[in-house]
Each structure stands twice: as C-alpha cells, then as structure tokens.
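Analysis of the macromolecular model
These are the residues of each chain, in order.
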Amino acid sequence: MAVSSSHLRFTFECRSDPDFSPPPSFDNLRRRNFRSCVGSGAAFHGVPSLILRFPPNFQRQLSTKARRNCSNIGVAQIVAASWSNNSPNNPATGAPAPPAVSAADAATVPLPVDVTAEEDVVVSANDAVATAADENGAVQLKHSSYSSFLKSDASKTIHAAERLGRGIVTDGITTPVVNTSAYFFKKTADLIDFKENRQVSYEYGRYGNPTTVVLEEKISALEGAESTVIMASGMCASIVLFMALIPAGGHLVTTTDCYRKTRIFIETFLPKMGITTTVIDPADVGALETALEQHNVSLFFTESPTNPFLRCVDIKLVSELCHKKGTLLCIDGTFATPLNQKALALGADLIMHSLTKYMSGHHDVLGGCISGSTKVISQIRTFHHILGGTLNPNAAYLLIRGMKTLHLRVQQQNSTGMRMAEILEAHPKVKRVYYPGLPSHPEHELAKRQMTGFGGVVSFEIDGDLHTTIKFIDSLKIPYIAASFGGCESIVDQPAILSYWDLPQSERAKYKIHDNLVRFSFGVEDFEDLKADVLQALEAI
C-alpha cells in the first residue's frame, strides 16, 4: 500500500463496541490534513472523520498517550483500517479498486507513527517499513538501510530490525511476543488475494511469526544476508539444510572435526536417501578438490572454527573452489559468531548458527538459524515449513533480548579466552592447547586473516589420564560441568565422557577424543577469578 510522505492528520473516534463495516475511502488523501479532534466526530473540508476500528484478532498495546485520548476503548487490539491513495486505481476515478487491506494485512504492515496528545499523526513513506513475501509466502520485513546510522555490529545487535519499525503495532521499546498459532482473514477475498500473492500475511504459526521475523532480520543485518530462517534448534537447522539442498543420490563433503550429532546424522540417516559423503581434514584443500572432481557435490558443509579442536577452514579459498563446480558452501559459524567472522563476505553461500550458544548467551533457550541469499533460503524455508521444528515466539523474544548484549559478552569472552589459552599453554600440567589465537595453532595465520576475535572456548589436554582429568574438572569451583558453550556462565566438560562415553576408547581415538581432553567455555565472569580457579584446580592434580 503506497503511503504519501506528506504529514497526515487523522481524526480519531474510539469505540468500545467494534464496528466492522468498511471504513470510508478518501480522495486525494495525500493533500488533506485533518486536525486531531478526539470524540468530536467533526468533518473537515467536507470529508467525514476517519474512524479506526478494532477487530478482535489478538490483543495489542497502545501507548499511554493513546490510552489517555481513547479512554473508552476497552481492550486494546490491533488497528485495521483501509484507505485509498491518490493513484490511478482510486475508486473515485472510476478505475477498478485494489483489494481491500485486511486486518491481517494491518497486523503485518506497520507504519512508524509518532503520537502525542497534542501532536499530529505523522506517516513518512521514506522511513516506512514495508513487508514482502518471499517465494514461498514467508513474511520478511524490508527495512530502510541501517548503514546510515548503525555503523558497527555492536549497534546492530541492539537496534537492527527494531529501531526503524517492526511488523507489530507497538510503541514499546522492546519487541512484543505474539503468541498465536494462526492469523485470520477478514473475508474470503482477502484470503484469495493472499494466495495469489497480492496481499501479505503470516497465515499460520508454522510459517512465520512477527516476533520471530524481527529476530530473523536482526541476524540478517549482522551477517550481511538477504534472508534468514529461524528454527527450533541448531541441530534442526543442520538436518533441514541437508534434506533441502542435497537431492536423493547426491553427494556431501564435510570435515573430520565436527559436532558429533551432526556426524551421526550424516553417517546414519543420509545413506538411507542414497546420499554419499566425503570426509576431509579441515585444512586439506587437495582432498576437497579431489572430491569436487570425482563427485557431483551438492554441498560442502563445515564448521569454522570446528568442535572441539577449533580448526579453521579457509573460507575464501574453498568458496572459490566450490563455486567453480556449482557446489554450495555452508559454514557453521557457531563458535565464531557474526561478530568475529563474516562467512558470507568471505564467499560462503550460507552461514548457520546454533543460537543456543553465544547468540542467546544465557543458557535459557534453544534455537538455530541459516542465513544467505533469498533464493537459497526460500528453498530451505519451504522444506522447514513442511518438516516443522518451529521456534516458539517466546524463545524468539529471549534470543532478541540476549543478542542485545552479544557484543559486550563476546568482547569479554575473546579477551578471557585468549589470556587463559596463553596461561594454559605455559603451564607444566597442560600437555597441549587448541585455540586459534595461539601461534601454535595449525591455522593461526588463517584465523588472523578471517577472524577479528577467537572466542571464549579453549580446548586443551591435561598431562595425565582419564582420572587425572576428572580430578582437575571436579576441583574447579566456578564453571558448571555441562554441555553447551558461549553463555554468561563458564562451562567445562570432558568430551570423552560427555559426548563419546558410549564408544570404546579405541573408537574415541579415531576422532582424537582422548581421555585427557578438556573443553572449557569461559563466560563473562571476572578474569582474575577464573584464572585463580583454573590454577588452583591444576595444582590439585
């Protein structure tokens, strides 16, 4: 719906009893100014007062100022109004009228409105937030560029997808949670318009949610992506990625060091669809070239840095090799975060994250995401809508909230991780340290080129056996013994026990998961406290 950049002044008549008759059409709306005359019902310039009606789809908040002016409104609900612009399709000109805007349309097409008791209602087309549906009907907000005033990722984590407006009617600073499983259409004509791509709506909770869209757009802004799809977990995102992009009988290339559950799915479930896999060392570019030559590779999927040895892949180089053969490259950047590494800018087609880790940062929510071009993400989103694995809007809210401190947390974790890695490497009771920020790391020079920080996770081997390592971990006082990483609280685990205990020692050794391996995720606690705790635990063994 086109909106004039001229300032519009509306007369409001608030009613406690909803009236669903069609709102009036206005000729030459962009040139008409209406002074706010609450409750008067007066008409200016021969045009009746504009009445905003409140159909019962779901509750919305109105500002304190708006409630002062409309004290008889009862329960505040979403505003649905339709008007025509001064266009060739204006009914007043005799031309066919465009489809009416439905309540669902109003719910998803916000206008930045500045309301005070004494001021005009101002609508600016230059700053307005429009929405669009991608190829499979998913609602995506199309914001004005944030680049003019959000210069850094730190600002984008806070304001992107929110400061210029949202697909939710509110003047609250925080993004509201929209708890609904379905979205209604005011009349069948609106539903037909939606189905024939003349109208935008969410339709059903599995296909999209206004709160989740804000999260998607915030991540897209951080990654420099055209589109992002959010799912219920990182593992869900991995599975949907494989099944959406690799055809039956296709071929996948992945790396030796990776999250074990991902490896289990690749080794156990993909063969059932006739999908074969080549597994290479993260740094073995020659093995990648061979696989690309010998197979019709649909996807090269790798973590960078990897779990748990924090190996790094030359994203720029492998993207060039893949693209020559028409192969897509997806980087799982969970250990890096968008703040430490820009995989898409380096040439990757897709970037994936387990939002459960750094992005959330509070150990209180699960989530996953994939970002990339609209074309490829639409293909993934279509399969996601079929499979399910939808993120709850309450979880989306927690992720939005968590991301607002992402830059502060990652900055602290980068610093603590680097300093602790140096201390551990110099300690006589530590056999080896795996951290890309150390010169001893096999991809240190590469990591310095493609990363701006190295994260808060440090893996290392104790100079001892299984039981010596257990004693070290049990002597620690600050970190929790738990899975996951990237949160405010420090976490430590022994991968041989936490992730590979079901395998015999000889099988664990194939993956270099030795009994003395420790993965330590440093949180945002004071560095000196963490340092003292680690040193005292080392002294205890």
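Rules and cut-offs
Residues numbered from 1 in each chain as written. Predicted model: local features only at pLDDT ≥ 70, side-chain atom pairs only at ≥ 80, totals over all residues. Heavy atoms only, no water. UniProt positions renumbered as here; feature names shortened; annotations may be inferred. Pairing = 2+ DSSP bridges. Helix = DSSP H or I, 4+ residues; strand = E, 2+ residues; numbered from the N terminus. Axes fitted to C-alpha atoms, helices over the stretch in contact; angles between N-to-C directions. Contact = heavy atoms within 4.5 Å. Parallel < 35°, antiparallel > 145°, perpendicular 65-115°, else oblique. Left-handed = near helix turned anticlockwise from the far one by under 90°. Nonpolar A, V, L, I, M, F, W, Y, C, P; charged D, E, K, R; others polar. Expected span 1.5 Å × (residues − 1). Buried < 20%, exposed > 50% of the residue type's maximum accessible area, 1.4 Å probe, protein only. Arc of directions from axis to C-beta. Salt bridge = Lys/Arg side-chain N within 4 Å of Asp/Glu carboxyl O. Core = buried A, V, L, I, M, F, W, Y, C linked by side-chain atoms within 4.5 Å.

The protein has the name plant cystathionine gamma-synthase in an unreviewed UniProt entry, where Sphenostylis stenocarpa is given as its organism. Regarding the protein, the relevant UniProt record gives this comment under Sequence similarities (unreviewed entry): "Belongs to the trans-sulfuration enzymes family."

**Description of the sheet that holds strand S7 (residues 328-332)**
The sheet built from seven strands is open, its strands ordered S3-S9-S8-S7-S6-S4-S5 with mixed pairing. Single-partner strands in this sheet number two, and they are strand S3 (227-231) and strand S5 (276-280). Strand-to-strand twist of the sheet, defined as the mean angle between neighbouring strand axes without regard to direction, takes the value 20°. Helix H12 (residues 374-387) contacts S3, S7, strand S8 (350-354) and strand S9 (368-372) of the sheet and is inclined by roughly 20° relative to S3.

**Notes on the packing of helix H8 (residues 285-294) against helix H9 (residues 315-324)**
It is the contact of H8 with H9, at a shortest axis distance of 10 Å, that shows an interaxial angle of 15°. With respect to each other, H8 and H9 are oriented roughly parallel. Relative to H9, H8 is oriented so that their crossing is right-handed. Contact residues: H8 offers Val285, Leu288, Glu289 and Leu292, while H9 offers Leu317, Val318, Leu321 and Cys322. Partitioning the contact of H8 with H9 into residue classes produces seven nonpolar, no polar and one charged.

**Focus: H12**
Helix length check: H12, at 14 residues, gives a terminal C-alpha distance of 20 Å against a target of 20 Å (1.5 Å per residue), a fit within 8%. Turning to H12, its buried residues number three or more, namely Val376, Ile377, Ser378, Ile380, Arg381, His384 and His385. In the stretch just after H12, Gly388 is the one whose phi turns positive, near 100°.

**A look at the packing of helix H5 (residues 210-223) against helix H13 (residues 393-403)**
Running from N to C, H5 and H13 cross one another at 35°; their axes reach a closest spacing of 8 Å. Crossing hand, H5 versus H13: left-handed. Contact with H5, carried on its side by Thr211, Thr212, Val214, Leu215, Lys218, Ile219 and Leu222, involves Pro393, Ala396, Tyr397, Leu399, Ile400 and Met403 of H13 and no other residues of that element. Of the residues in the contact of H5 with H13, the class split is ten nonpolar, two polar and one charged.

**A few points about the pairing of strand S11 (residues 457-462)**
Extensive coverage of S11 is indicated by the burial of six of its six residues. Burial along S11 is two-sided: the residues Val457, Ser459 and Glu461 and Val458, Phe460 and Ile462 are all buried. Bridging between S11 and strand S14 (residues 517-521) involves five bridges; their strand directions are antiparallel. The residue bridging Glu461 from the neighbouring strand is Leu517, located in S14.

**Thoughts on the side chain of Thr278**
Counting through the fold element by element, Thr278 comes out in strand S5. Not counting the four nearest positions on each side in its chain, Thr278 is found in contact with His251, Leu252, Val253, Thr254, Ala291 and His295.

**What about H9?**
Among the residues making up H9, those that are buried are Ile315, Val318, Ser319, Leu321 and Cys322. The buried residues of H9 occupy an angular sector of 165° when the element is viewed end-on, so they sit on one face. Check the buried side of H9 and you find it contacts H8, strand S6 (297-303), S7, helix H11 (343-346) and helix H15 (444-450). In the segment just after H9, Gly326 is the residue with positive phi, at about 75°.

**Quick notes on the pattern of salt bridges**
Tallying each qualifying case throughout the model produces 19 salt bridges. For Lys195, the salt bridge identified is with Glu203, shortest N-O distance 2.9 Å. The closest approach of N and O atoms between Glu443 and Arg311, which form a salt bridge, is 2.8 Å. Separated by 132 residues along the polypeptide, Glu443 in the loop between strand S10 (430-434) and H15 and Arg311 in the loop between S6 and H9 bring together distant segments of the chain. Each of the two residues, Glu443 as well as Arg311, counts as buried. Several salt bridges converge on common partners, so that one network encompasses Glu162, Arg166, Lys218 and Lys404.

**Here we look at the nonpolar core**
Counting residues in hydrophobic clusters, the biggest one holds 53 residues, and the most contacted among them are Leu215, Val433, Tyr435, Phe460, Phe472 and Val534. If one sorts the elements of this core by residue count, helix H14 (residues 406-426) sits on top with six residues. Residues contacting Val433, with those up to four places away along its chain left out, are Ala421, Leu424, Glu425, Leu438, Val458, Ser459 and Phe460. Counting residues in hydrophobic clusters, the runner-up holds 24 residues, among them Cys236, Leu270, Leu350 and Ile370.

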